[in-house]
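Now for the letters of each chain:
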Amino acid sequence: MIKLISFLSLFLLTTYSMAQQKFTLSGYVKEKNTGEFIIDAIVQVKGQQKGVSTNEYGFFSLTLPAGEYTIVISSFGTKKTEVKVTLDKDQSLTTELEPESNQLEEVEITTTNENQTVQEKPMSMLTVDMKKIKKLPAIFGEVDVLKSISLLPGIQSAGEGNSGFYVRGGAGDQNLILLDEATVYNASHLFGFFSVFNSDAIKDIDVYKGGIPARYGGRLSSLLDVRMKDGNTKKFSGSGGLGLIASRLTFEGPIQKEKSSFIISGRRTYADLFLKFSKQEDLKDTRLYFYDLNAKANYQLSERDRIFVSGYFGRDVLALAGLFGFDWGNATGTLRWNHVYNPKLFSNLTLIYSNFDYGIKIDLSETQNFKVSSGIDDIGIKADYSYFPANNHTVYFGVNSVYHKFSMGKFEPLRETSIFDKSELPNKYALESSTYIDHKWIVSPRFNIRYGVRGTMFNQLGKTTEYEYYWADQFNLIVTDTLKYESGQVVKTYFGLEPRFAASFSVNENISVKATYDHTYQFLHQVSNSATTLPTDLWIPSSLNVKPQINDQVAIGYFHRVKQVDFSVELYRRWLRNQIDFRDNANILFNEKVDAELLYGKGWTYGSEFMVAKNSGKFTGWISYTLAWAWRQIDGINNGEPYHVKNDRRHNLNLVASYQFGERVTLASTFVFATGNAITFPGGKYNFDGETVEYYPARNSYRMPPYNRMDLSLTIDGKKKYEEKLVGEVKVKVEKKNRLVSSWNFSVYNVYMRENAFAIVFEEKKDDNGNPTGKTVAKQVTLFKLIPSITWNFKF
């Protein structure tokens, strides 16, 4: 570590001294109306191919020879701004871009940068436009970020009633989900009908399916990087929405104008309030709701320093007539310090807290009552640096460390009269640390590469008890040794180097070819043997008996732009080691030796992804199609033969279309088709020693029925008023600032009432008189047919 830091310091000092004959223009790009920092804004020299983009905090650094320049600054959805500068020393520049919505057609609007080519779009990385997804149809009228990204190629929804997602054949726990850099371990509400992300509080979303930068690690399949809004530094404002089952409200404004701001956003469902009017007494006491609270504040200490503090708190509550209760939730907290050491060196120091926990209550009587709970807590610190030695070179480096505490399970009575005794599984502890360096190099206008390496060390820590064991037969576990470790003692250490590489070659400004390679480790694992992802799924660390999962992925892609239409195709192949699955008849509930129920082997996935997108004009949308395979091979499962994982889906087709009628009315539609998940069903049954035993054939040898659905939505914006203003010598019409701006969204989920399978259940067939026949029939359970919804959205 000391040698690496010394090398980096020498590299930075040498490079900086060589660049003294030039000067650097650095600063921030903001949105004019709100003061929000703009991510990925383009800052370039007019008439030249010299330019850079802003980072996730809106910061840029552009180094040029001394002279006079016209700097062009632009971003998607804003009007271009030109600034003349005389560069005879290092200078700082903060620019505010005007949103395109403030102007009519009389003023030219540029929604894409004229010098931006398909080469500049990172491969396997997608940016979600929050304005677009708010126009799409949504179940119960609530826009859902995770449901929206599943409309993109290579990303598949975990299914109806589940907000989880699968990326390129990976499992749900192989996705790293970050909210302002804090890990979100369970991103679902109401058993997956909604995600935890309130769209009103979200500023930017990036999805990486591959080519993940070296600063990120800990998962094999993907990165979902979600960033909250910073808050309006100009004026106090608010927004919200009233729906059939949920409402939301957001306030934001300056703490000290132009210097600090805040945002607070809340959301709550209220379906349980209607149950109080039910004629059935047992439903009146039922509680069924979730809530979210997002809060963030930032303060500019000086021209070089800014502090951000943000947090998220969310919880689900389900209680049935006081007999059964279930609650779960997330809490995250982030404290960040941005510092500009000099025009070429930017840093971000972050303190992070993350928590997920759940509890189940059973209260049948005075004597039969208990509660089961579990969870995970993280406390972390990280330092990230961005160094800009030249316009075509950016070096990223940093270190981070996270302390994990795993609450494996607690069982306790609700009252003293309970017949159950208190019991608690020992907690598990781990320390995950890493360091990285990453270099982005624009070799030529046609060719650029990004390469780096991440070194990760994972320590399982005491206090803990570990076991050595073997299975004598299917039902008898033999423990051969018991190993006890004191608090803080290192039990097991894993170390891995994770090289990353991405390259892009541009044939011309409209055609490019790209490739990526990722080598990644995963040290945390989600234990679940259910068909869907539930909040009760258990997170466990790598340990003496549980090895880290390892992934290698290569991908190549072809990208082509024809006028307003973008076409892309990507091919990928993944090799996975130490993949985890359950032995037959596994027991994971409140089991101290849960790692004994796990088996390990290899996996591989491969596929192709196609996308055609039109991003401008009155008619916009995209078509995405994924053809994919996902396999595992584990000794002890399926007789050692390869089998499909549950999220293996051969075909996945998504059609998204939106048409703008005038400036107020938008009609949008989505269509989804997907091959059913692979699943294990009983293939028959037989009588053994007087008992009926079900026979199961090969693992995941059956398929759920294919899934398809069409949704529609109509958005009607409030009427706008305009006034004429003189801009230079030209009169233009500018939108008047109304105190209240509102819109109506009408959505229909599952327009043609397709009965999609949520689950398949097996029961004994009965004759016409209700008598059992001894035969078993399969029945399909459907959650939703047609769901209409209305939402009133407003801003003030």
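Now for a quick tour of the structure. Note that the structure is predicted; figures quoted are calculated from it, not measured. (Residues numbered from 1 in each chain as written. Predicted model: local features only at pLDDT ≥ 70, side-chain atom pairs only at ≥ 80, totals over all residues. Heavy atoms only, no water.)

## Things to note about the overall build of the protein
- Each helix and strand counted, the protein has 5 helices and 52 strands in total.
- Counting all 796 residues of the protein, 52% fall into the buried class.
- Long-range pairs, those at least 24 residues apart, make up 65% of the contacts in the protein between residues at least 6 apart in sequence.
- Here the protein displays about 36,600 Å² of accessible surface, and carbon together with sulfur accounts for 58% of that area. (Helix = DSSP H or I, 4+ residues; strand = E, 2+ residues; numbered from the N terminus. Buried < 20%, exposed > 50% of the residue type's maximum accessible area, 1.4 Å probe, protein only. Contact = heavy atoms within 4.5 Å. Areas by Shrake-Rupley, 256 points an atom, 1.4 Å probe, with all protein chains shown as cover.)

## Describing the packing of aromatic side chains
- As enumerated under the stated definition, the model contains 27 aromatic pairs in all.
- With a centroid separation of 5.5 Å and 65° between ring planes, the pair formed by Tyr 28 and Phe 59 is classed as edge-to-face. Taken as a pair, Tyr 28 in strand E1 (residues 23-31) and Phe 59 in strand E4 (residues 59-64) lie far apart in primary sequence, 31 residues in all.
- Centroid distance Tyr 185 to Trp 539: 5.2 Å. Interplanar angle 75°. Geometry classified as edge-to-face. With a gap of 354 residues between them, Tyr 185 in the loop between strand E12 (182-183) and strand E13 (188-189) and Trp 539 in strand E34 (residues 538-541) connect regions that are remote in the sequence.
- Residue class for Tyr 185 comes out buried when judged on its relative accessible area of 7%.
- Among the aromatic residues, ring-to-ring pairing joins Tyr 28, Phe 37, Tyr 57, Phe 59, Phe 308, Phe 346 and Phe 388 into one connected group.
- For the cation-ring pair, Arg 227 lies above Tyr 57, with the distance from its terminal atom to the ring centre recorded as 5.8 Å.
- The residue whose ring lies beneath Lys 492 is Tyr 494, and the NZ or CZ to ring-centre distance is 5.4 Å. (Phe/Tyr/Trp six-rings, centres within 6.5 Å; stacked < 30°, edge-to-face > 60°. Lys NZ or Arg CZ within 6 Å of the ring centre and 35° of its normal.)

## Let's talk about the nonpolar core
- Ile 149, Phe 165, Leu 179, Phe 197, Ile 205 and Leu 224 are the most contacted members of the largest nonpolar core, which totals 37 residues.
- Not counting residues up to four positions away in its chain, the partners in contact with Phe 165 are Leu 146, Ile 149, Ile 155, Gln 156, Ala 158, Gly 172, Asn 175, Ile 177, Ser 222 and Leu 224.
- Formed by 28 residues, the second largest nonpolar core is a distinct cluster that contains Leu 425, Tyr 494, Leu 524 and Ile 540. (Core = buried A, V, L, I, M, F, W, Y, C linked by side-chain atoms within 4.5 Å.)

## Digging into the pairing of strand E24 (residues 369-390)
- Counting buried positions over the 22 residues of E24 gives 16, a clear majority of the element.
- Pairing analysis gives 19 bridges linking strand E23 (residues 345-363) to E24, with the strands arranged antiparallel. Opposite Leu 349, over in E24, you have Ala 383 as the bridge partner.
- Where E23 folds back on E24, the antiparallel hairpin that results is connected by 5 residues.
- Note that E24 and strand E25 (residues 393-412) share 17 bridges and pair antiparallel. Bridging across to E25, Ile 381 finds its partner in Ser 401. (Pairing = 2+ DSSP bridges.)

## Points about the pairing of strand E52 (residues 787-795)
- Note: strand E17 (residues 237-242) against E52, 4 bridges, orientation antiparallel. Within E52, the position partnered with Gly 240 by the bridge is Phe 794.
- When strand E49 (residues 741-749) meets E52, the two strands line up antiparallel, connected through 9 bridges. Bridge assignment links Val 748 to a residue of E52, and that residue is Pro 788.

## A look at the sheet that holds strand E11 (residues 175-179)
- If you walk across this open sheet you meet the 5 strands as E8-E15-E16-E11-E12, and the pairing is mixed. Looking at strand neighbours, the two that pair on one side only are strand E8 (125-128) and E12, the edges of this open sheet.
- Of the pairings in the sheet, the one linking strand E15 (residues 202-208) to strand E16 (residues 222-228) comprises 6 bridges and is antiparallel in character. Bridging across to E16, Val 207 finds its partner in Leu 224.

## Points about the sheet that holds strand E7 (residues 91-97)
- With mixed pairing, the 3 strands of this open sheet are ordered in space as E4-E1-E7. In the strand order of this sheet, the two ends are held by E4 and E7, each with one partner. Within this sheet the neighbouring strands show an average axis-to-axis angle of 25°, counted without direction.
- Pairing analysis gives 7 bridges linking E1 to E7, with the strands arranged parallel. Paired with Leu 25 across the strands is Gln 91, a residue of E7. (Axes fitted to C-alpha atoms, helices over the stretch in contact; angles between N-to-C directions.)

## As for the side chain of Glu 36
- With respect to the element layout, Glu 36 can be found in the loop between E1 and strand E2 (42-45).
- The exposure class of Glu 36 is buried, given its relative accessible area of 9%.
- Within the structure, Glu 36 has its side chain in polar contact with the backbone nitrogen of Asp 230 (distance 2.8 Å).
- With residues up to four places along the chain from it excluded, the contact list for Glu 36 reads Val 29, Lys 30, Glu 31, Lys 203, Lys 229, Asp 230, Gly 231 and Glu 252. (Polar contact = N/O pair within 3.5 Å; in protein donor to acceptor, adjacent residues only side chain to side chain.)

## What about a nonpolar patch on the surface?
- On the surface, Leu 244, Phe 619, Tyr 659, Phe 661, Leu 667, Leu 714, Trp 744, Phe 746 and Ile 790 cluster together into a nonpolar patch covering about 790 Å² of accessible area.
- Among the elements of the structure, strand E40 (651-661) and E49 are those that each provide at least two residues to the nonpolar patch.
- By the secondary structure assignment, Leu 714 is in strand E46 (residues 707-717).
- You can call Leu 714 partly exposed: its relative accessible area is 30%. (Patch = residues over 30% accessible without salt bridge, like charges linked within 9 Å, V, L, I, M, F, W, Y side chains within 5 Å. Salt bridge = Lys/Arg side-chain N within 4 Å of Asp/Glu carboxyl O.)

## Topic: the pattern of salt bridges
- Following the criterion strictly, the structure yields 37 salt bridges and no others.
- Notably, a salt bridge pairs Arg 315 with Asp 357, separated by 2.6 Å at the nearest N-O pair. Note that Arg 315 is positioned in strand E21 (residues 305-320) and Asp 357 in strand E23, a separation of 42 residues in sequence.
- Here Arg 500 makes a salt bridge to Glu 498, at a shortest N to O gap of 2.7 Å.
- In this structure Arg 500 comes out as buried when scored by relative accessible area, which is 6%.

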